[in-house]
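The primary structure of each chain is shown beneath.
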Amino acid sequence: MDPLFIPFLAPLQKHLVTSKFAVLFITVQYNVTISTNGPEETAVNHFHHGIKDLATTFFYMLVAIIMHAIIQEYVLDKINRKKHFSKTKHSKFNESGQLSAFYLFSFGWGASILLSEKLLSNPVTLWEGYPHTLMPFQLKFYFICQLGYWLHAMPELYFQKTKKEDISRRLGYIFLYLVHIGGAYLLNLNRLGLVLLVLHYFVELLFHVSRLVYFSNESRQTGFTIWAVLFVLGRLLTLSLSVLTVGFGLATSDNQGFDLAAGNFNVIFVRITVLAAICLTQAFMMWKFINFQLRRWREHAQAQTLKKKPVQPSKSKSKKDKTNGVNGVSSHAADSPRARKEKSS
């Protein structure tokens, strides 16, 4: 090679290295091409998970931070300036506004994957063919974005200057989301995880939309009643699908055993751990739900009591009332019935 070309090749080589490094963060990794049998042989791309997914998740966590800031500045802040909410309502309005946008997007995207993969029409596919190590592009990208969003929620607690009393509550549900989504992704239970996420996101979307409507008009509370019914049904469906898939489907599967290389975690210890985690989470959510409803009922009862309580007459009296009594009747002790009886005797 001519030495004169070396100075021109150095920037090109640096650019190629930088491009390969950037692709690691931006694109979905671990592509596997599968040829389908049929009249016309076609190649289908599937993906599995690996350590490089950490870089991709980190990149989409940064994307989630940017999208969070855009929604906050151009939508929620403008509404806050018009409504003049108190500090408490301001924080809850921002939380519900951000989560409503995320739940709506995630529910719509997840439902489209369920329809395209035909998981709802044939529930047996939730456990049939386990381990589901290979995923279509949309399914893997969906889980990457979910992990990226809930990871971004932790630094957002600092950026949004969240109150200290709210930090523990938000960190609690962020941790639960990361554990369940990450567990379904790593244990190759992505199909069951997708169904449960879509179901859960629909119920949570209704709650936060109802709270936004309530902040605009406090007399509109119908949404909370509908949400309460769907919340209980959602917990029952979550438990039923989990027990059906993990407790019965995987337990009776022919492919049982622990094989880390093959991605097979179908052993009794893992199944019991997964079911215990899901059941404990659902029980915790129901406990929080019952406390929430009891608090609402107490507040409603107190409000009704205050409305029905009669207005007490004023204790201040005029000078005329002090001398002549009330309505012209003297208030001296001599005019009392007891004083008259003593005088007559």
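Note that the coordinates shown come from a computational prediction; the quantities given were computed from them, not determined experimentally.

## Some details on the side chain of Gln98
Point 1. Along the polypeptide, Gln98 turns up in helix 3 (residues 87-117).
Point 2. Residue class for Gln98 comes out buried when judged on its relative accessible area of 6%.
Point 3. The contacts of Gln98, once residues within four sequence positions are left out, are His68, Ile71, Gln72, Leu76 and Tyr149.

## Quick notes on the packing of helix 2 (residues 53-83) against helix 4 (residues 137-159)
Point 1. Following both chains from N to C, one finds helix 2 and helix 4 inclined at 55 degrees, their axes separated by 7 Å at the closest point. Here helix 2 lies oblique to helix 4, going by the angle between them. The way helix 2 lies across helix 4 gives a crossing that is right-handed. Along the contact surface, helix 2 presents Asp53, Thr56, Thr57, Tyr60, Met61, Ala64, Ile65 and His68, while helix 4 presents Lys140, Phe141, Ile144, Leu147, Gly148, Tyr149, Leu151, His152, Pro155, Glu156 and Phe159.

## Regarding the UniProt feature "transmembrane region" (unreviewed entry) in the protein chain
Point 1. UniProt feature "transmembrane region" (unreviewed entry): in the numbering of this structure it lies at residues 58-76, 97-115, 171-188, 194-214, 226-248 and 268-290.
Point 2. The span residues 97-115 is 100% helical and 0% strand by assignment, and the distance between its end C-alpha atoms comes to 27 Å.

## As for the packing of helix 3 against helix 6 (residues 190-216)
Point 1. Contact pair helix 3 / helix 6: the axes reach a minimum separation of 7 Å and the direction vectors enclose 145 degrees. Relative to helix 6, the crossing made by helix 3 is left-handed.
Point 2. Of the residues assigned to the contact of helix 3 with helix 6, the class counts are 18 nonpolar, six polar and five charged.

## Describing unusual backbone geometry
Residues apart from glycine generally show negative phi values, whereas peptide bonds are mostly found in trans.
Point 1. For the peptide bond that leads from Tyr130 to Pro131, omega is 10 degrees, which places it in the cis range.
Point 2. Within the secondary structure layout, Pro131 lies in the loop between helix 3 and helix 4.
Point 3. One non-glycine residue, Lys161, adopts positive backbone phi at about 55 degrees.
Point 4. Relative to the helices and strands, Lys161 resides in the loop between helix 4 and helix 5 (164-186).
Point 5. With a relative accessible area of 74%, Lys161 lands in the exposed category.
Point 6. Of note in this structure, Asn188 is not a glycine but carries a positive phi near 60 degrees.
Point 7. With respect to the helices and strands, the residue Asn188 is situated in the loop between helix 5 and helix 6.

## A short note on helix 7 (residues 222-249)
Point 1. With 28 residues, helix 7 should reach 40 Å at 1.5 Å per residue; the first-to-last C-alpha distance of 39 Å fits that figure.
Point 2. Residues of helix 7 that are buried: Phe224, Trp227, Ala228, Phe231, Gly234, Arg235, Thr238, Ser242, Thr245, Val246 and Gly249.
Point 3. Looking at the buried side of helix 7, the elements it contacts are helix 6 and helix 8 (268-308).

## Brief notes about the pattern of salt bridges
Point 1. Throughout the structure, instances matching the rule amount to four salt bridges.
Point 2. Glu95 is the partner of Arg169 in a salt bridge, and the nearest nitrogen-oxygen pair spans 3.2 Å. With a gap of 74 residues between them, Arg169 in helix 5 and Glu95 in helix 3 connect regions that are remote in the sequence.
Point 3. Take Glu95: its relative accessible area is 5%, and that puts it in the buried class.
Point 4. When the shortest N-O distance is used, the salt bridge between Arg211 and Glu95 registers 3.4 Å. Here Arg211 is found in helix 6, whereas its partner Glu95 is found in helix 3, with 116 residues between them in sequence. You'll find Arg211 and Glu95 in the same group, each marked buried.
Point 5. Beyond isolated ion pairs, a larger network of salt bridges with shared partners links Glu95, Arg169, Arg170 and Arg211.

The rules behind each value
Residues numbered from 1 in each chain as written. Predicted model: local features only at pLDDT ≥ 70, side-chain atom pairs only at ≥ 80, totals over all residues. Heavy atoms only, no water. Helix = DSSP H or I, 4+ residues; strand = E, 2+ residues; numbered from the N terminus. Buried < 20%, exposed > 50% of the residue type's maximum accessible area, 1.4 Å probe, protein only. Contact = heavy atoms within 4.5 Å. Axes fitted to C-alpha atoms, helices over the stretch in contact; angles between N-to-C directions. Parallel < 35°, antiparallel > 145°, perpendicular 65-115°, else oblique. Left-handed = near helix turned anticlockwise from the far one by under 90°. UniProt positions renumbered as here; feature names shortened; annotations may be inferred. Nonpolar A, V, L, I, M, F, W, Y, C, P; charged D, E, K, R; others polar. Expected span 1.5 Å × (residues − 1). Salt bridge = Lys/Arg side-chain N within 4 Å of Asp/Glu carboxyl O.

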